[in-house]
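Breakdown of the fold
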Amino acid sequence: MKVIWAPWRMEYILSDQKGGECFFCPGEDRGEDETRLILYFGSLSVVLMNRFPYVNGHLLVAPVRHVPGLEFLSPDEMLDLLMMVSRSIKVLKEVMGPEGFNVGVNLGKVAGAGVEDHLHFHVVPRWNGDTNYMTVLGEVRVIPEHIMVTYRELLPYFQDFKLGPGGDR
Ligand SMILES: [Zn+2]
């Protein structure tokens, strides 16, 4: 039987950030969005690609505010966060055609959270027979080219979304 929550075990790598800065708090400078793999930065939520993905297309969705759990979110933030999870699934379906998804959140180190003080959802597209090809590359510190290709493929779908609420929400 397959361990379907295996994607989460890779998360510790996220915490290996230089200078202790938060992976999900990139600051005001939007000029580095591409190197940070940020697909969407709204007023309440942020969507980025996991640079050490379980599979290509592994996205992370977080509130803009640096909070450790769902209970710290306002209703507006909660709504926006879940809408961006939904939006991410929709975009991945359209662009990558996965056969299923794992969507989840780790709360606390014991549950596998690599970044435990900034809440985030994992959105992991799944295909029949996919494998965790990144496991053996756990020490790799470079972004594989195919992740950048996927980033540029996905980006327009999230740029369109910046046109405002209403449209395809
Ligand atoms: Zn943060």
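Our subject is the structure that appears above.
Reference entry: report on the structure contained in this document. (Residues numbered from 1 in each chain as written. Predicted model: local features only at pLDDT ≥ 70, side-chain atom pairs only at ≥ 80, totals over all residues. Heavy atoms only, no water.)

1. Side note on the side chain of arginine 126
- Looking at the element boundaries, arginine 126 is found in strand S5 (residues 121-126).
- With a relative accessible area of 15%, arginine 126 lands in the buried category.
- A polar side-chain atom of arginine 126 sits 2.6 Å from a polar atom in the side chain of asparagine 102. (Helix = DSSP H or I, 4+ residues; strand = E, 2+ residues; numbered from the N terminus. Buried < 20%, exposed > 50% of the residue type's maximum accessible area, 1.4 Å probe, protein only. Polar contact = N/O pair within 3.5 Å; in protein donor to acceptor, adjacent residues only side chain to side chain.)

2. A look at the sheet that holds strand S3 (residues 59-63)
- The 5 strands are arranged S1-S2-S3-S5-S4 in an open sheet whose pairing can be described as antiparallel. Where the open sheet ends on each side, the last strands, each with one partner, are strand S1 (38-41) and strand S4 (100-104). Ignoring which end each strand starts from, the neighbouring axes of this sheet average 15 degrees apart.
- Sheet analysis places S1 next to strand S2 (residues 45-49), joined by 3 bridges and oriented antiparallel. Following the sheet pairing, isoleucine 38 is matched in S2 by leucine 48.
- Relative to S3, helix H1 (residues 75-96) is tilted by about 160 degrees, and along the sheet it contacts S1, S2, S3, S4 and S5. (Pairing = 2+ DSSP bridges. Axes fitted to C-alpha atoms, helices over the stretch in contact; angles between N-to-C directions. Contact = heavy atoms within 4.5 Å.)

3. What about the coordination of the zinc ion?
- Protein coordination of the zinc ion is provided by Cys22 (SG), Cys25 (SG), His66 (ND1) and His118 (ND1), with donor distances spanning 1.9 to 2.3 Å.
- Around the zinc ion sit 4 donor atoms, and with donor-metal-donor angles ranging over 103 to 119 degrees the site reads as tetrahedral.
- Counting gaps between the donor residues of the zinc ion yields the pattern C-x2-C-x40-H-x51-H. Here the residue histidine 66 occupies a position in the loop between S3 and H1, and histidine 118 occupies one in the loop between S4 and S5, the gap between them amounting to 52 residues.
- Among the residues examined, histidine 66 registers a relative accessible area of 39% and is labelled partly exposed. (Donors = N, O, S within 2.8 Å, 3.2 Å for Na, K, Ca; no water. Tetrahedral: all angles 85-135°; square planar, octahedral: opposite > 155°, others 65-115°.)

4. Some thoughts on the pairing of S2
- S2 sits mainly inside the fold: 5 of its 5 residues count as buried.
- Going residue by residue along S2, you find Ser45, Val47 and Met49 tucked away on one face and Val46 and Leu48 tucked away on the opposite face as well.
- The loop that links S1 with its antiparallel partner S2 comprises 3 residues.

5. Digging into the packing of aromatic side chains
- Tallied over the full model, the rule gives 1 aromatic pair.
- With a centroid separation of 5.1 Å and an interplanar angle of 80 degrees, the aromatic rings of phenylalanine 23 and phenylalanine 24 are classed as edge-to-face.
- Here phenylalanine 23 falls in the buried class, since its relative accessible area comes to 11%. (Phe/Tyr/Trp six-rings, centres within 6.5 Å; stacked < 30°, edge-to-face > 60°.)

6. What about the pattern of salt bridges?
- Under the definition given, this model contains 3 salt bridges.
- Where glutamate 32 meets arginine 36, a salt bridge forms, and the shortest distance between an N and an O atom there is 3.9 Å.
- Note on arginine 36: relative accessible area 21%, which makes it partly exposed.
- The shortest N-O distance in the salt bridge between glutamate 34 and arginine 152 comes to 2.7 Å. Of the two residues, glutamate 34 sits in the segment before S1 while arginine 152 sits in helix H2 (residues 145-161), which places them 118 residues apart along the sequence.
- The exposure class of glutamate 34 is partly exposed, given its relative accessible area of 36%. (Salt bridge = Lys/Arg side-chain N within 4 Å of Asp/Glu carboxyl O.)

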